[in-house]
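# Summary of the model geometry
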Amino acid sequence: MNICEMYADKKIKVTEIVELYKIPIAPSHFFRIIPPALKTDKMCKFCGENLYEKPARNFYNDSDKICINCGHREPYYSWDNCKCDNCVAEREYAEKEKERIKRQIVENKKEIVRNTYSKMLKPISFKSLSKYEKIRFLYIYKNIFEENGTEIMKGSNLIEKISAEGFFFLLDNKFLVIDPESSIDAFEDEGFPLKVRYKRANYLSMVTFEDNEIDLIKQHKYFREILFYEEIEELVMNCLYDEVISYFKRECKKRNIDPHISEKTEEEFKDKMLGLNYGQIIGIIFRSVRAISDKLVQKEITQHYAENAALKYCINHFDFINSRGWSIDAYKFEYYNFSKFTRFVIGYCLDKDVTELFSNPINKVNFESCHRADGTIDDCSDIDSLSVDEMFDFDMRE
């Protein structure tokens, strides 16, 4: 009987085997030195020979199965790995194949992104934009303006320089498009490739300029060179009307009133305000909103009524003053600061600072020496006043 057969015989103690063969090892560790001498029915997956295992003294055998021919080992524990040449080569191949499939998935996604966003690469001539689009575009682009119409811009840098409102204005109007070569990390897996992580994507500007346009824009002369006086006046008046509505909403918000403005009420407001200067309109709004807020605090009216009637109350306030024949005081400028956008429009259209035009209550806007599109110059210093008719014809609000 050999040592393996003795070990398999449960009648023989391991201590007796160790003492018999004078093996310098603790009986509890004897199992470690037993060779895999027990032939099994399981075959080696590489060479097809039978696998061998150590004999077991218990009802289960937790020893590894080994191929004596090629050295392959099938570990009993799943976390253990065979280190034979065949297994090492197999794992290396599997890892390479995994990387190949991963790269293929990435390339397929990149191709989908290219095909999707390449269709959007359509240059847009700055000249073809409307007046509103031009002024809004330049306002947003004032910090990121590039002469190259296809300059690549990183989303993280771009979004830091402009507001979210401005960013989506450029994107929605296709003035800015997602670079087809953007990293696939810029796109969500769900909704791919239309759901975008905007800060991770790169962008291309699609707006193109002629050389003379770039020079005029940089010199703040673009609008004064290509627009007629009436068009410049319209742009400025549009901004002033935008300021009126913004001021009205802010005054309401200060008093916890969320105004609801119907088209009918807005049109009536425009009609009533015709002929008033900007300062007078602001004065009426301030006093009217304050009055309706007081009524709300004193519970003379409900919150719902206040929100629906706030602009209507401005109209009624005007009718009341007008029926008495009273003069309407203009509101002083220092109580109301114009927005950055209005300052920008006035700076680009007139090459003036807003405080130069509206530092006092106004009853006229002086477009002194306005340039005309036909190359001539009008001396506008004799204009007595500008009504706000034009102000209500075109709404620049987004």
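The coordinates are above.
Overview of the structure. Nothing here was measured: the structure is a model prediction, and the numbers come from that model.

### Some words on the overall build of the protein chain
Counting its regular elements, the protein chain contains 14 helices and eleven strands. Burial analysis of the protein chain (398 residues in total) assigns 40% to the buried set. The long-range fraction of contacts in the protein chain, counting pairs at least 24 apart against all pairs at least 6 apart in sequence, stands at 62%. Of the roughly 23100 Å² of accessible surface on the protein chain, a fraction of 48% belongs to carbon and sulfur atoms.

### What to know about the sheet that holds strand β1 (residues 38-43)
The strand order across the open sheet built from four strands is β1-β2-β3-β4, with neighbouring strands paired in antiparallel fashion. The sheet is open, and its two edges are formed by β1 and β4 (73-74), each paired on a single side. Where strand β2 (residues 50-53) meets strand β3 (residues 65-67), two bridges bridge the pair, whose relative direction is antiparallel. Following the sheet pairing, L51 is matched in β3 by C67.

### Regarding the pairing of β2
The two faces of the sheet receive side chains in turn, since in a regular strand these alternate between them. Of the two faces of β2, only the one carrying L51 and E53 is buried; N50 and Y52 on the other face are not. Note: β1 against β2, three bridges, orientation antiparallel. Pairing of L38 across the sheet is with E53, part of β2. Linking β1 to β2, which pair antiparallel, is a turn of six residues; within it G48 sits at a positive phi near 80 degrees.

### Observations concerning the packing of aromatic side chains
On inspection of all chains with the given rule, the structure shows twelve aromatic pairs. With a centroid separation of 6.1 Å and an interplanar angle of 45 degrees, the aromatic rings of F137 and F209 are classed as tilted. Placement of F137 in helix α4 (residues 131-141) and of F209 in the loop between β9 (207-208) and α7 (211-218) is noted, with a sequence separation of 72 residues between them. By the burial criterion, F137 is buried, and F209 matches it. Seen from their ring centres, F168 and Y198 are 5.2 Å apart, and the 85 degrees between their planes marks the pair as edge-to-face. Remark: Y198 occurs in the loop between β7 (176-178) and β8 (202-205) and F168 occurs in helix α6 (residues 164-172); sequence separation between them is 30 residues. Through a chain of ring-to-ring contacts, three or more aromatic side chains come together here, namely F126, F137, F169, F175 and F209. Taking NZ or CZ as reference, K109 lies 5.3 Å from the ring centre of F192, over its face. If you follow K134 out to its NZ or CZ, it ends over the ring of F126, 5.7 Å from the centre.

### A word on the pattern of salt bridges
Following the criterion strictly, the structure yields 15 salt bridges and no others. With its nearest N and O atoms 3.1 Å apart, the salt bridge here joins K109 to D189. In this pair, K109 is assigned in helix α3 (residues 85-118) and D189 in the loop between β7 and β8, connecting sequence segments 80 residues apart. By relative accessible area, K109 is classed as partly exposed at 22%. Classification of D189 by relative accessible area gives exposed; the value is 61%.

### Some remarks on the nonpolar core
In terms of nonpolar packing, the biggest core is built from 36 residues, with F126, F137, L170, F175, L176 and Y203 touching the most fellow members. Taken together, the elements giving at least two residues each to this core come down to α3, α4, α6, β7, α7 and α13 (340-350). The element best represented in this core is α4, accounting for seven residues.

### Structural notes on a nonpolar patch on the surface
The grouping of Y76, Y77 and W79 at the surface amounts to a nonpolar patch, some 400 Å² of accessible area in total. With respect to the element layout, Y76 can be found in the loop between β4 and α3.

### Looking at α7
Restricting attention to buried positions, one finds in α7 the residues E213, I214, L216 and I217. Each buried residue of α7 lies within a common arc of 165 degrees when the element is viewed along its axis, so the set occupies one face. Every exposed residue of α7 that faces more than 90 degrees away from the buried side is listed here: D211 and K218.

Each value, and the rule that gives it
Residues numbered from 1 in each chain as written. Predicted model: local features only at pLDDT ≥ 70, side-chain atom pairs only at ≥ 80, totals over all residues. Heavy atoms only, no water. Helix = DSSP H or I, 4+ residues; strand = E, 2+ residues; numbered from the N terminus. Buried < 20%, exposed > 50% of the residue type's maximum accessible area, 1.4 Å probe, protein only. Contact = heavy atoms within 4.5 Å. Areas by Shrake-Rupley, 256 points an atom, 1.4 Å probe, with all protein chains shown as cover. Pairing = 2+ DSSP bridges. Phe/Tyr/Trp six-rings, centres within 6.5 Å; stacked < 30°, edge-to-face > 60°. Lys NZ or Arg CZ within 6 Å of the ring centre and 35° of its normal. Salt bridge = Lys/Arg side-chain N within 4 Å of Asp/Glu carboxyl O. Core = buried A, V, L, I, M, F, W, Y, C linked by side-chain atoms within 4.5 Å. Patch = residues over 30% accessible without salt bridge, like charges linked within 9 Å, V, L, I, M, F, W, Y side chains within 5 Å. Arc of directions from axis to C-beta.

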